[in-house]
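Examining the three-dimensional arrangement
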Amino acid sequence: MAQPGTRHHLTREDAQLAIRLVAHESGEDERRLHERLADEGLDAVLDDPRLPAAILRDAQGALVSLPLLTYVMVRAVLRRFGEEDRQLTDYVAGIVLEFGVRDRAHRVGEGDDEVYDTLAALLRDAEDRDSRRAYLVRAHLGAYALWLSGLFPDRIEHRRWWRGGPDLTYYEAIGRRGFELAAGHTLARQQGMSELYAAAAARFVTLRVALTALSDALFFPHVHTPERLMRQVSDEARWRTLH
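Every value quoted in this text rests on a predicted model; they were computed, and no experiment measured them.

Formed by 75 residues in total, the largest nonpolar core has its most connected members in Tyr91, Ile95, Tyr144, Trp147, Phe179 and Tyr197. Per-element tally for this core: the top contributor is helix H8 (residues 131-151), with 12 residues. If we skip the residues at most four places from it in the chain, Tyr91 touches Ala2, Gln3, Pro4, Ala139, Ala143, Phe179, Leu196 and Tyr197.

Dropping the structure here:
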């Protein structure tokens, strides 16, 4: 089950490398950046708008840990789309990290034997008689829909155009429903996750569009198809209607 925690697992070495990268990118004295870190905390460095470009352009960017890279890139793209909530950023970064490991995206928990490859199958099990498992399925439904539609929208669009599969709005609706169901579960309240899931449900489209922009730019930058162009125009229009 994906959890917000990526930011809190960053190390002192991550912070030091981030400072060096920003200093090299901007020419700013490292001592001033260290002072900002001491005065304002780690977020002063993680939120520095020069850091994402520095990671990608500087040779030392190859030394960046996967948690630091993921958090910084997700944070930057979410802020670009108007999302400032750090806990939500932390959660989305956690989904990207966790679901990228083996078949983790297809299981509601590391020790769960059931493998899911469709949202419909997850939705069916969202009312499992086992309350704890129902909770895990609901949270996973939201996270899985966000991961699929956010990072692999071209795959979804290809299936829609050539095989008659569901479009991105279907994934958004199902993902939003998963987070809504998870937010209302007793275990979510006990674990302090209700507000986070409710926020993920309410802002699902923004989260999805932001992740897609990150995927287009960083993961699949060399795709230039009419379907992608149409989807990008549609994404921009849909996001603007929300703001």
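What follows covers the confidence of the model for the protein chain. Chain-level pLDDT for the protein chain is 91 on average; 100% of the residues reach the 70-or-more range. The least confident element of the protein chain is helix H9 (residues 153-163), whose mean pLDDT is 82; the most confident is helix H12 (residues 194-202), at 97.

The next thing to look at is the side chain of His185. With respect to the helices, strands and loops of the structure, His185 is situated in the loop between helix H10 (168-183) and helix H11 (186-190). A distance of 3.0 Å separates the side chain of His185 from the backbone oxygen of Ser131, its partner in a polar contact. Residue contacts for His185: discarding those within four places in its chain leaves Ser131, Tyr135, Arg138 and Ser194.

All right, on to the side chain of Arg228 then. Mapped onto the elements of the fold, Arg228 is located in helix H14 (residues 226-242). Among the residues examined, Arg228 registers a relative accessible area of 4% and is labelled buried. Within the structure, the side chain of Arg228 is placed 3.5 Å from the backbone oxygen of Val223, a separation counted as a polar contact. Not counting residues within four places of it along the chain, the set of residues in contact with Arg228 comprises Asp154, Asp216, Phe220 and Val223.

A word on a nonpolar patch on the surface. A cluster of nonpolar residues, Trp161, Trp162 and Met230, forms a patch on the protein surface that exposes about 410 Å² of accessible area. The residue Trp161 is located in helix H9 in this model.

Conventions adopted
- Numbers given to residues run from 1 along each chain, matching the order in which its sequence is written.
- pLDDT decides what is reported in this predicted model: residues at 70 or higher carry local features, side-chain atom pairs at 80 or more are listed and counted, and totals for whole chains, interfaces and linings draw on all residues regardless.
- Excluded from the side-chain calculation are hydrogens and water; included are all heavy atoms of the structure.
- We call a set of buried Ala, Val, Leu, Ile, Met, Phe, Trp, Tyr and Cys residues a nonpolar core when their side-chain atoms join them within 4.5 Å.
- Remark: exposure states derive from per-residue accessible area (1.4 Å probe, protein chains only) relative to the maximum for the residue type, with buried under 20%, exposed over 50%, and partly exposed in between.
- Under the DSSP-based scheme used, a helix requires at least four consecutive residues in state H or I and a strand at least two consecutive residues in state E, with every element numbered from the N terminus.
- Any two residues whose heavy atoms approach within 4.5 Å are treated as being in contact.
- Scored between 0 and 100, pLDDT is the confidence that the predictor attaches to each residue.
- Any pair of nitrogen or oxygen atoms within 3.5 Å is treated as a polar contact; in protein, a donor-acceptor pairing is required on top of that, and neighbouring residues in sequence qualify only through side-chain atoms on both sides.
- Patches here are clusters of residues that have more than 30% relative accessible area and form no salt bridge, with a 9 Å joining cutoff for like charges and a 5 Å cutoff for nonpolar side chains (Val, Leu, Ile, Met, Phe, Trp, Tyr).
- Note on areas: Shrake-Rupley with a 1.4 Å probe; residue coverage comes only from the protein chains shown.
- Salt bridges are defined as contacts in which a side-chain nitrogen from Lys or Arg sits within 4 Å of a carboxyl oxygen from Asp or Glu.

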